[in-house]
Amino acid sequence: MAAAALKALVPPILHSSAHDSEPKANSQTNGQQQPQSSSPPPSNNAESVQYDRAQEWKPPQPSPVSLSEIAKTTDFGHSSQLRPDDFTLLKTLGTGTFARVWLAKLAHAEPAEEERVYALKVLRKVDVIRLKQVEHVRNERNVLAKVAGHPFITTMVASFQDYDSLYMLLDYCPGGEVFSYLRRARRFNEPTSQFYAAEICLILEFLHEHEGIAYRDLKPENILIDADGHLKLVDFGFAKKIDSRETYTLCGTPEYLAPEVIRNTGHGTAVDWWAFGILIYEFLVGQPPFWDQNPMRIYEQIVEGNIRFPSAMTPDARSLISGLCTVDVSKRLGNISGGAATVKFHPWFRNIDWDALYHRKSKGPIIPHLRGPADTRNFDDYEPEAKNRPAYSDELRNRYDEAFKDF
Amino acid sequence: MVFSFALDPFSVSQTFKGRNMMMYLLVKNRVWGVILEAAQFRFALADKHQDPLQFCANFFNDRLASERSAHLAQQPPHSSSSGMSSGGIHSVAEEDEHIASPTSASFPSNARALPTMSSSSPFGGFAGFDPTGHAKNVASDDPTPLPNNYNLNRRTSVSAESLTPTSANNDNWTPPNHPKAPEQIDRLRKAVSTNFLFAHLAEEQATQVLGALQEKPIPKPGMRVITQGDVGDYFYVVESGDFDIYVNPSGQLEPGPDGMGNKVANVGTGGSFGELALMYNAPRAATVVSTQPSTLWALDRVTFRRILMDAAFARRRMYEGFLAEVPLLESLESYERSKIADALETIKYPAGSSVISQGEKGEDFFILEAGTAEVYKEGDPTCLKTYTKGDYFGELALLNDAPRAASVIAKTDVKVAKLGKDGFTRLLGNLEGIMRRNDYNTAGTVDPLHKA
């Protein structure tokens, strides 16, 4: 029953892409997922299979999708049919202040679905309320539903709730966090940094210019690597649709906060371009430019906005980071006239073929080593959930559950 | 989850933690390196190259070159520690060098057997995305660490309460005002002047913030004002008295006589503590205890941030309102007007000074925010026009560089919002192009080329 319910919810592409390596298999999906151009599929697929992965799991080959088609794919309903006990929880993939993400599979799956695993994000209502994150959680669910299908954004398959928790069922991305690879390597070389930065740039362009969404928590911890070495942006807890007006709630990660967020003068999508500059710096240097053990000193440095570059950083990289990390938002690269295109045209990205990148025509610089689709070796181990946590009560339920009704 | 950043107001050394983490990474790094290199080598071989033999030759050549250059970069006199300031360089920096320096005596002996483990070329460009490009380890070969001990753990996101501007939802919130004597205000102003959160405030907001500080008597010694590990909501300024600050390395107050941990500092009259609480709700990084009867001023985060937000919100809406009145800009979308508000710069002119001088090249557009200004033509003492709040002038400068046709003189002290042509163009592009969007709409009302 659960599998059927799920199938009804999942757009066709998710089913087919998980199990068919033939991009063509998706063409039956009512025309929604047609590639933008009629260019042939990447020619190196067949070769790489022969050579490399004879005995290994073959990663799924998502079919190329076009921006405008994705923009239409907003028809995600909430799903009271699904219940937590439809799933078997296998391992914790990550924890946050009020959420825990599990590797999960359907407890009673149809044969075709048996091997399929998901990431199930569980948010406890009592913590969401205690930490005053109700609005953010609602934003997260709505934004994820809206952006599902972008090649570099994690896809939400369904969302549902029970008495005390909220659930978001997401595609599992087996490569783990860019954060882990970055810390292991200390820093990325320039081509690797360029590749990842370019994919992030495409994500920001899509979020800002097609959806009017500010992401607001860019950092290596929130970027996963998929089986092909491409990125998936996860954790849309702070993402917000910004219409023509600025927003004020402080959120993000200390080292990545933009000056206007700290000063509370109102912020918009430009905060993501600031954080993008910090991210590129951290890729290349191994740590973000503004740091102190006392967070207030970090914020003081951010508001001043003077970045020190290591001597070996190339002039192009410095120029890009300086342009992005400009305190004056009216001069910040990405926010000025031309938007994301001005970032894409920056000389540091001169080797990027943006169209090929969007259509995932080559693999990423790091290919995660995987034994199978449910391999979790790329994720760290986390402490088990604490016992004796406060429980959701009828009193809270009466006061707050209305806010969760769309989940 | 470790709240590594929750160190307010005094920091605790994280060196110990950092060192353990690095050792862990060191071990893990090697194992990982082998796996990844092998996997990528195979991949690169499979994917990109028709001639495996030539590729192998190139690959190992590149490898050798990059290893040699990393190695040479480590040799004296190019010692990376020579240029660094003393202090600062702790565990991370040192150990990072060890990874990059297989010849170092302190490096484990088996490192020589694994020369490709150099962290200086982590996933070296050989499996790069550009099939024609060759590995050029540029930035990643720089062994120079930055002079601090960065915490390499996962970072926790932070978030404050959801705030909606007062005027947006029609509730009549005004900041609380607790009256104070002028000398008290002066003392408070001085006490917070070193805090960057207050340094940027406009005069009006500074007054509101100081007014919102609430007196909090601490009648006895030994009273805990802040408890390490607790939620932080208030920022405090010491009006009089004396406080000791303790930090327990465990991150929170513990039971028992030594539960507060070590005394790390003392704060007296004119001092302040707990300012991180003005940003978001992070656990308190220290315990603060009175040593004598004292008096504090307290300010909570929501009040502080609402004052800032409401001021910014009102200012933006005011600018948008003014901009909406300018016929030349009527084809702007509302989000574009909103964007322009970021580029407006507030400038004050004293009475009698000229804001615009006739004959000068026009580069800026002005909106009068406060005061009165008058328009004069050269050689003519009659005032042609008077501008008051909300009026604008000089808008043709956004279109062309034509000289100003008249002068605008401040009659009183005035405050103007200035928008430069370059600022406008940078944000929204060429105004002429924008006007052309709905040419037939504007053609009747404004013909800027003839208006001058």
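Residues numbered from 1 in each chain as written. Chains lettered and ligands numbered in written order. Predicted model: local features only at pLDDT ≥ 70, side-chain atom pairs only at ≥ 80, totals over all residues. Heavy atoms only, no water.

Caption draft 1: A look at the overall build of chain B. When you go through chain B residue by residue, the secondary structure sums to 12 helices and 17 strands. Burial status across chain B gives 49% buried among its 452 residues. In chain B, 77% of the contacts between residues at least 6 apart in sequence involve partners at least 24 apart. When the accessible surface of chain B is summed, it comes to about 21400 Å², and 54% of that surface belongs to carbon and sulfur atoms. (Helix = DSSP H or I, 4+ residues; strand = E, 2+ residues; numbered from the N terminus. Buried < 20%, exposed > 50% of the residue type's maximum accessible area, 1.4 Å probe, protein only. Contact = heavy atoms within 4.5 Å. Areas by Shrake-Rupley, 256 points an atom, 1.4 Å probe, with all protein chains shown as cover.)

Caption draft 2: Region of interest: the packing of aromatic side chains. For the structure shown, the criterion picks out 25 aromatic pairs over all chains. Ring plane angle 70 degrees and centroid distance 5.6 Å describe the contact between A:Tyr163 and A:Tyr392, whose orientation is recorded as edge-to-face. Placement of A:Tyr163 in the loop between strand 4 (156-161) and strand 5 (165-171) and of A:Tyr392 in the loop between helix 14 (354-358) and helix 15 (394-400) is noted, with a sequence separation of 229 residues between them. Relative accessible area serves as the criterion here: at 5%, A:Tyr392 is assigned to the buried category. For the ring pair B:Tyr236 and B:Phe273, a centre distance of 5.5 Å and an interplane angle of 35 degrees mean the geometry is tilted. With a gap of 37 residues between them, B:Tyr236 in strand 4 (residues 234-240) and B:Phe273 in strand 7 (residues 272-273) connect regions that are remote in the sequence. Relative accessible area serves as the criterion here: at 1%, B:Phe273 is assigned to the buried category. Aromatic rings pair up to connect A:Phe188, A:Phe195, A:Tyr196 and A:Phe283 into one cluster. In this structure, A:Arg184 packs its charged tip against the face of A:Tyr181, placed 5.3 Å from the ring centre. Here B:Arg317 stacks its cationic end above the ring of B:Phe313, 4.6 Å away from the centre of that ring. (Phe/Tyr/Trp six-rings, centres within 6.5 Å; stacked < 30°, edge-to-face > 60°. Lys NZ or Arg CZ within 6 Å of the ring centre and 35° of its normal.)

Caption draft 3: Representation of the UniProt feature "domain: AGC-kinase C-terminal" (unreviewed entry) in chain A in the model. UniProt annotation of "domain: AGC-kinase C-terminal" (unreviewed entry) refers to residues 350-407 of chain A when read in the numbering used here. The span residues 350-407 of chain A is 21% helix and 0% strand, and its two end C-alpha atoms sit 43 Å from each other. (UniProt positions renumbered as here; feature names shortened; annotations may be inferred.)

Caption draft 4: Region of the structure containing the packing of helix 6 (residues 203-212) of chain B against helix 7 (residues 301-324) of chain B. Residue and element names in this part refer to chain B. The N-to-C vectors of helix 6 and helix 7 enclose an angle of 160 degrees; their axes lie 10 Å apart at closest approach. By the angle class used here, helix 6 and helix 7 are roughly antiparallel. In terms of crossing hand, the pair formed by helix 6 and helix 7 is right-handed. Of the residues in helix 7, those in contact with Gln-205, Gln-208, Val-209 and Ala-212 of helix 6 are Thr-303, Phe-304, Ile-307 and Ala-311. Residue composition of the contact of helix 6 with helix 7, by class: 5 nonpolar, 3 polar and no charged. (Axes fitted to C-alpha atoms, helices over the stretch in contact; angles between N-to-C directions. Parallel < 35°, antiparallel > 145°, perpendicular 65-115°, else oblique. Left-handed = near helix turned anticlockwise from the far one by under 90°. Nonpolar A, V, L, I, M, F, W, Y, C, P; charged D, E, K, R; others polar.)

Caption draft 5: Local environment of the UniProt feature "domain: Cyclic nucleotide-binding" (unreviewed entry) in chain B. Taking the UniProt record as the reference, the feature "domain: Cyclic nucleotide-binding" (unreviewed entry) is found at residues 197-325 and 328-438 of chain B. With 29% helix and 32% strand, residues 197-325 of chain B has end C-alpha atoms that lie 34 Å from one another.

Caption draft 6: Quick peek at the domain arrangement of chain B. As assigned here, chain B comprises domain 1 (182-307) and domain 2 (326-443). On a C-alpha basis, the centres of domain 1 of chain B and domain 2 of chain B stand 45 Å from each other. (Domains from an automatic or database assignment.)

Caption draft 7: Quick look at the sheet that holds strand 3 (residues 224-226) of chain B. All names here are of chain B. Spatially, 3-8-5-6 is the arrangement adopted by the 4 strands of the open sheet, whose pairing is antiparallel. The outermost strands of the open sheet, each flanked by one partner alone, are strand 3 and strand 6 (262-268). When strand polarity is set aside, the average angle formed by the axes of neighbouring strands in this sheet is 30 degrees. (Pairing = 2+ DSSP bridges.)

Caption draft 8: Up close: the UniProt feature "binding site: 3',5'-cyclic AMP 1" (unreviewed entry) in chain B. Residues and elements named next belong to chain B. When the UniProt feature table is mapped onto this chain, "binding site: 3',5'-cyclic AMP 1" (unreviewed entry) is found at Glu-275 and Arg-284. Within the element layout of this structure, Glu-275 appears in the loop between strand 7 and strand 8 (287-290). On the basis of relative accessibility, which here comes to 10%, the residue Glu-275 falls in the buried class. Residue position: Arg-284 is located in the loop between strand 7 and strand 8. Of the polar contacts made by the side chain of Arg-284, one reaches the backbone oxygen of Tyr-234; its length is 2.6 Å. (Polar contact = N/O pair within 3.5 Å; in protein donor to acceptor, adjacent residues only side chain to side chain.)

Caption draft 9: How the structure looks around the domain arrangement of chain A. Residues and elements named next belong to chain A. Examined at the domain level, chain A breaks down into domain 1 (69-174 + 377-403) and domain 2 (177-359). Domain 1 and domain 2 are separated by 26 Å when their C-alpha centres are compared. Across the contact, 21 residues belong to domain 1 and 29 residues belong to domain 2. Of all residues in domain 1, the largest losses of buried area upon contact with domain 2 belong to His-136, Phe-152 and Cys-173, amounting jointly to 29% of the total for that side. Taken together, the connections running from domain 1 to domain 2 amount to 2 salt bridges. (Buried area = accessible area lost by both parts, 1.4 Å probe. Salt bridge = Lys/Arg side-chain N within 4 Å of Asp/Glu carboxyl O.)

Caption draft 10: Layout of the confidence of the model for chain B. Residues and elements named next belong to chain B. When pLDDT is averaged along chain B, the result is 73, and 63% of the positions lie at 70 or above. Counted against residues more than four places away or in other chains, residues 1-39, with its pLDDT under 50, gives 92 contacts. In the predicted structure, residues 43-49 sits below a pLDDT of 50 and forms 23 contacts with residues beyond four places in sequence or in another chain. Interface confidence for the predicted complex, given as ipTM, is 0.78, next to a pTM of 0.74. (pLDDT = per-residue confidence, 0-100.)

Caption draft 11: Quick look at the sheet that holds strand 13 (residues 373-376) of chain B. Residue and element names in this part refer to chain B. Ordered in space as 11-16-13-14, the 4 strands form an open sheet in which the pairing is antiparallel. Each end of this open sheet is capped by a strand with a single partner; those strands are strand 11 (354-356) and strand 14 (385-387). In this sheet, neighbouring strand axes are inclined to one another by 30 degrees on average, regardless of whether the strands run parallel or antiparallel. One ladder, built from 2 bridges, connects strand 11 with strand 16 (residues 407-410); its direction is antiparallel. Among the inter-strand pairings, Ile-356 is bridged to a residue of strand 16, identified as Val-408.

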